[in-house]
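Structure at a glance
Single-letter residue listing:
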Amino acid sequence: LRGLEVFAQLVAHVRDEQYVLRACNVSGVPRFAHRGLLLDSARHFLPIPLLKQHIDAMSYTSLNVLHWHLVDGQSFSYDDSALGLARGGGAYSYPSHVYTRDDVAGLVNFARLRGVRVIPEFDTPGHVSPAWGRNLPQLLTQCYVRGRAAQRGPLAMHLNTTYKAIQALFAEVATVWPDSTLHIGGDEILPQWQWCFDSNDEVQAFMKAHNMTDVKALLRFYFKRLFGELEPHGKTLIAWQDAFELGAVPPTTIVDVWRDDSHNGRPWQKAVAAATAANHRVILSSPWYLNYVRYPVTWGQYYVVDPTNFGGSTQQQQLVLGGEASVWGEFVDAATSMTATWPFAAVVAERLYSNANVTDGKWAFDRLQTLQCRLIGRHIRVRPPNGPSWCATEWQD
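Worth saying up front: this structure is predicted, and the values here are computed from it rather than measured. (Residues numbered from 1 in each chain as written. Predicted model: local features only at pLDDT ≥ 70, side-chain atom pairs only at ≥ 80, totals over all residues. Heavy atoms only, no water.)

Per the counting criterion, the structure on display carries 14 salt bridges. We note a salt bridge from D242 to R259, for which the minimum N-O separation is 3.2 Å. Here the residue D242 occupies a position in helix α9 (residues 241-245), and R259 occupies one in the loop between β10 (254-257) and α10 (268-277), the gap between them amounting to 17 residues. By the burial criterion, D242 is buried, and R259 matches it. Of the charged contacts in the structure, one is a salt bridge between E245 and R259, with a shortest N-O distance of 2.8 Å. Within this pair, whereas E245 is found in helix α9, its partner R259 is found in the loop between β10 and α10, the two being separated by 14 residues in sequence. Taking relative accessible area as the criterion, E245 reaches 33% and is therefore assigned partly exposed. In this structure R259 comes out as buried when scored by relative accessible area, which is 19%. (Salt bridge = Lys/Arg side-chain N within 4 Å of Asp/Glu carboxyl O. Helix = DSSP H or I, 4+ residues; strand = E, 2+ residues; numbered from the N terminus. Buried < 20%, exposed > 50% of the residue type's maximum accessible area, 1.4 Å probe, protein only.)

Below, the structure is given as structure tokens:
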């Protein structure tokens, strides 16, 4: 499949009906096994035909993992049977803004035929409010302000009923998504929700009864139970680095590094070094957030990133599975998703596929321009990567 794409890229249009095939020898294997693209269809709904366009573009650029962030606090867009969260008010609109089992099966098969795996992310215990609570408010922690009920926050980790619900949901997810890997989220709980846990007397009483001195202990309790519930399904689990930094994940967990706290003296390199030192496999996402809008576009900063450049041993570097370009959806919708992503995701794809010594951005400049025109010729809507330019075939609706 990859070989056919390489062959297609060796064909050049000369004029009229004339084409030439460049003569060359091509050999090589991808440097990293995990070459991903995260798409967020929870903040803004992305229709299935649009997701298929992304998958086509991924296959053209040797990206092989679609990390599908399809539920969050704003909307629960998977039409689950276990809890009825989407139809119970969790989706933006039902049934127009949900993905059914048939939708998922069709998309997974479409991706499989193009050499792309689909890994869903169901982020817990944060990123659930208010969407999950519209149908089942008892699943979420009640927050209080001056003793009065206010908003609801993360999952109610002190209630057994929460774990029963989570077990039912993930049992369904494990069946619907055939991939051997599942992303469970686990980010942005502290310090964001500390005030909510502090305000809830039931949570405080539960923590006291279980000798928990802080909310971090409660989170470790939650993750231990969650991993126990998921173990029978035989999935390899991915978690955001927050869960690892709590000391809450077993050694088999893949750690997804998304933060770069360089201003606090903790760049992504330290997070990767810490995770691999603990013998965890790692995916790097932090340097490749494509949704951060910059003008002029500076894709060169994506091109110079090396996921193994963190000072670790050879054994640690071998634990780095690869990385992901991420397109978060707070300000990216169906109208802008393609141009927010392409052709810049291809820069990340090349860093993850090519040898470590392929770092010359000037050499990549012309090739990225060529890719822009090739994608337009295949009816993939893209942004100009290099400023003023032109293609023999320009975009037409």
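Here the focus is the packing of aromatic side chains. The final tally for this structure, using the stated rule, is 18 aromatic pairs. Considering the side-chain rings of F122 and F170, the 6.3 Å spacing of their centres and the 70° angle between planes classify their relative orientation as edge-to-face. Here F122, found in the loop between β5 (117-121) and β6 (140-145), pairs with F170, found in helix α5 (residues 160-176); they are 48 residues apart in sequence, far enough to count as distant. On the accessibility criterion, F170 (0% relative accessible area) is buried. Consider the rings of W240 and W328, whose centres lie 6.0 Å apart with planes at 45°: the pair is tilted. Note that W240 is positioned in strand β9 (residues 236-240) and W328 in the loop between β12 (320-327) and α13 (337-341), a separation of 88 residues in sequence. The residues W240 and W328 share a single accessibility class, namely buried. Members of the aromatic cluster, joined through ring pairs, are F45, W68, F76, Y78, Y99, F122, W132, F170 and W177. Across the ring face of Y163, the terminal group of R225 is positioned such that the distance to the ring centre comes to 4.0 Å. (Phe/Tyr/Trp six-rings, centres within 6.5 Å; stacked < 30°, edge-to-face > 60°. Lys NZ or Arg CZ within 6 Å of the ring centre and 35° of its normal.)

This next bit is on the state of the cysteines. Evaluated as defined, the whole model comprises two disulfides. Across the disulfide, C143 is cross-linked to C196 (sulfur-sulfur distance 2.0 Å). With the S-S bond torsion at -85°, the cross-link from C143 to C196 turns out left-handed. Of the two residues, C143 sits in strand β6 while C196 sits in helix α6 (residues 194-199), which places them 53 residues apart along the sequence. Side by side, C143 and C196 carry an identical accessibility label, which is buried. The disulfide partner of C373 is C391, and the S-S distance across this bridge is 2.0 Å. (Disulfide = S-S within 2.5 Å.)

Moving on: α10. The periodicity of an α-helix, 3.6 residues per turn, causes residues three or four positions apart to be oriented the same way. By the burial criterion, the buried members of α10 are W268, A271, V272, A275 and T276. One side of α10 carries all its buried residues, which in axial view fall inside an arc of 120°. On the buried face of α10, the contacting elements are α9, β10, β11 (282-284), α12 (314-317) and β12. Of the residues trailing α10, N279 is marked for its positive phi of about 70°. (Arc of directions from axis to C-beta. Contact = heavy atoms within 4.5 Å.)

By themselves, these observations are geometric and do not establish any function.
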